[in-house]
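Single-letter residue listing:
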Amino acid sequence: MPGKSKPDAIAAVATPPGRGGIGVVRISGPDLSQIIQGIVGRALAPRQAVFARFRDAAGAALDEGIALYFPAPHSFTGEHVLELQGHGGPQVLQLVLDRCLALGARLAEPGEFSRRAFLNGKIDLAQAEAIADLIDAQSQEAARSAVRSLAGEFSHRVRELVDGLIHLRMLVESTLDFPEEEIDFLQQADAWGRLAGIRAKLQAVMQEARQGALLREGLNVVLIGQPNVGKSSLLNQLAGYEAAIVTEIAGTTRDTVREAIQIEGVPLHVIDTAGLRETSDAVEQIGIARTWAAVEKADVALLLVDAGHGMGPQEEAILARLPAIPRITVHNKIDQTGGAPRQSEGGRELWLSAKTGAGVDLLRKQLLAAAGWQAAGEGAFMARGRHLEALRRAGRHLELAVAAGQRLELFAEELRLAQEALNEITGEFTADDLLGRIFSQFCIGK
């Protein structure tokens, strides 16, 4: 069970930097009576919006707006929370914040409000992370998935798995003191059938988590090929505007050009690169080196080929040097050859025109397929890399439990380790240093 938060008051501006119609200063702590009296001048009724003037130490008005008081434990953090909603100018917000600090609060650290909510049992760790993911969502689909995680859908699925493991562990461990009866008892209780059911549910959760991670992280797609095969034209088609310069001169692109796009709500970071060829031009050589550096970090590689001449030794050499990532060969310029848009069986080769856009929709679908994307349903939830790793570790321990068979001590131990891996997702067994890394990435005021 998470421990309690530190017994002090914290304060921060909870709205984004810059000018705005409204700005919010948020305060949370075990006792806010001195701060409320000092800045509002009177006690506040719980959960009632009250118009007030926010005053300095001499009683002069700093600003005026709405004061809202949420007494513990019925607040976001589980502590007493005060929200002062005033005008959104940076200077006036700083004046109000400074007054709160002078009255005994300290400046909140990044993510500290959410961390206190977690430590006080108001949300679990997966829900806390979903707050940051909702703020950072790059598409509507990502935002919807983050909301579902914040509402607890991901946590609920994980807890279902944990509950199944707890029940199975009870069956196994209750028999360890009675070796003459244990195997028959477990067979009658269908222990191995229960394990198979848990593994199937874990696979389903893993698949949905992969989709959520893709919505959160996006996909790095690198365009490679010889000079003048249409990489920049294809980037412009995917982006929907002229993000890269296009000329008939080979070697026009000398540095990587990055553009963020979306396909079915999945963020794609498309990287146009310098053409790969032998050259004595020092600047172009630097661009080619950056091309290979971009390839090393890519999730998918698109090798562009001039449809007029097809694959040649140079293209084969490029393919041979690619790392073990999904790759799609794009035969471009069918507008010059008179061909029609098409794709090979399996979709690993496409024929299109980056100039006219013919066949680009086929490419969009294959990019999603290469990433393992499936159209998100209403049950999709947001997930992070650490969630996927915890699910993978739980899966490995369940595989080892199957391998243990009737060696029940090993069987029970692997079930325990699988449960601990799953509990890391919701934060029931999470090291303090990991909590520090997670919440340090949040906004101040959250």
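- As recorded in an unreviewed UniProt entry, the protein chain goes by the name tRNA modification GTPase MnmE, listed as coming from Sulfuritortus calidifontis.
- Of the comments in the UniProt record for the protein chain, the one headed Subcellular location (unreviewed entry) reads "Cytoplasm".
- Checking UniProt for the protein chain, the heading Subunit (unreviewed entry) contains the comment "Homodimer. Heterotetramer of two MnmE and two MnmG subunits."

## What about the packing of helix α8 (residues 191-217) against helix α14 (residues 385-404)?
Then step 1. Orientation of α8 relative to α14, taken along the N-to-C sense of each, is 160 degrees, at an axis distance of 10 Å. Here α8 is positioned roughly antiparallel relative to α14, judged by the angle of their axes. At the point where α8 passes α14, the crossing takes the left-handed sense. Contacts from Leu 195, Ile 198, Arg 199, Leu 202, Val 205, Met 206, Ala 209, Arg 210 and Ala 213 of α8 reach α14 at Leu 388, Leu 391, Arg 392, Ala 394, Gly 395, Leu 398, Glu 399, Ala 401 and Val 402.
Then step 2. Its residues placed into classes, the contact of α8 with α14 shows 13 nonpolar, one polar and four charged.

## Quick look at the packing of aromatic side chains
Then step 1. Tallied over the full model, the rule gives one aromatic pair.
Then step 2. Judged by centre distance (5.8 Å) and plane angle (50 degrees), the ring pair of Trp 192 and Phe 411 falls under tilted. Of this pair, Trp 192 sits in helix α8 while Phe 411 sits in helix α15 (residues 408-426), and the two are 219 residues apart along the sequence.
Then step 3. Judged by relative accessible area, which is 26%, Trp 192 ranks as partly exposed.
Then step 4. Lying across the ring of Phe 113, Arg 26 places its NZ or CZ 5.7 Å from the centre.
Then step 5. Cation over ring: Arg 342 sits above Trp 351, and NZ or CZ is 3.7 Å from the ring centre.

## Points about the confidence of the model for the protein chain
Then step 1. Chain-level pLDDT for the protein chain is 82 on average; 83% of the residues reach the 70-or-more range.
Then step 2. In the model, residues 243-255 has pLDDT below 50 throughout and makes 37 contacts with residues more than four positions away in sequence or in other chains.

## With respect to the side chain of Arg 116
Then step 1. On the secondary structure map, Arg 116 appears in helix α3 (residues 112-119).
Then step 2. Given a relative accessible area of 2%, Arg 116 falls into the buried group.
Then step 3. A distance of 2.4 Å separates polar atoms of two side chains, one belonging to Arg 116 and the other to Asp 8.

## What about the pattern of salt bridges?
Then step 1. If you walk through the whole model with that rule in mind, you get 20 salt bridges.
Then step 2. Here Arg 116 makes a salt bridge to Glu 79, at a shortest N to O gap of 3.0 Å. Placement of the pair is Arg 116 in helix α3 and Glu 79 in the loop between β4 (61-70) and β5 (80-86), with a sequence separation of 37 residues. Considered together, Arg 116 and Glu 79 belong to a single accessibility category, that of buried residues.
Then step 3. In this structure, Arg 106 and Glu 112 form a salt bridge, with 2.5 Å as the shortest nitrogen-oxygen distance.
Then step 4. The exposure class of Arg 106 is partly exposed, given its relative accessible area of 23%.

## Some words on α14
Then step 1. For α14, with 20 residues, the first-to-last C-alpha span of 29 Å sits near the 28 Å given by 1.5 Å per residue.
Then step 2. Of all the positions in α14, only Arg 386, His 387, Leu 388, Ala 390, Leu 391, Ala 394, Gly 395, His 397, Leu 398, Ala 401 and Ala 404 are classed as buried.
Then step 3. Two residues or fewer after α14 comes Gly 405, characterised by a positive phi angle close to 55 degrees.

## A closer look at the sheet that holds strand β3 (residues 50-55)
Then step 1. Taken in spatial order, the six strands make up an open sheet running β3-β4-β5-β2-β1-β6, and their pairing is mixed. The sheet terminates laterally at β3 and β6 (106-107), the two strands that pair on one side only.
Then step 2. Where strand β1 (residues 10-13) lies against strand β2 (residues 23-29), four bridges are found, and the strand directions are antiparallel. The partner of Ile 10 across the bridge, within β2, is Ser 28.
Then step 3. Helix α2 (residues 90-102) rests against β1, β2, β3, β4, β5 and β6 of the sheet, and its axis sits at about 15 degrees to β2.

The rules behind each value
Residues numbered from 1 in each chain as written. Predicted model: local features only at pLDDT ≥ 70, side-chain atom pairs only at ≥ 80, totals over all residues. Heavy atoms only, no water. UniProt positions renumbered as here; feature names shortened; annotations may be inferred. Axes fitted to C-alpha atoms, helices over the stretch in contact; angles between N-to-C directions. Helix = DSSP H or I, 4+ residues; strand = E, 2+ residues; numbered from the N terminus. Parallel < 35°, antiparallel > 145°, perpendicular 65-115°, else oblique. Left-handed = near helix turned anticlockwise from the far one by under 90°. Contact = heavy atoms within 4.5 Å. Nonpolar A, V, L, I, M, F, W, Y, C, P; charged D, E, K, R; others polar. Phe/Tyr/Trp six-rings, centres within 6.5 Å; stacked < 30°, edge-to-face > 60°. Buried < 20%, exposed > 50% of the residue type's maximum accessible area, 1.4 Å probe, protein only. Lys NZ or Arg CZ within 6 Å of the ring centre and 35° of its normal. pLDDT = per-residue confidence, 0-100. Polar contact = N/O pair within 3.5 Å; in protein donor to acceptor, adjacent residues only side chain to side chain. Salt bridge = Lys/Arg side-chain N within 4 Å of Asp/Glu carboxyl O. Expected span 1.5 Å × (residues − 1). Pairing = 2+ DSSP bridges.

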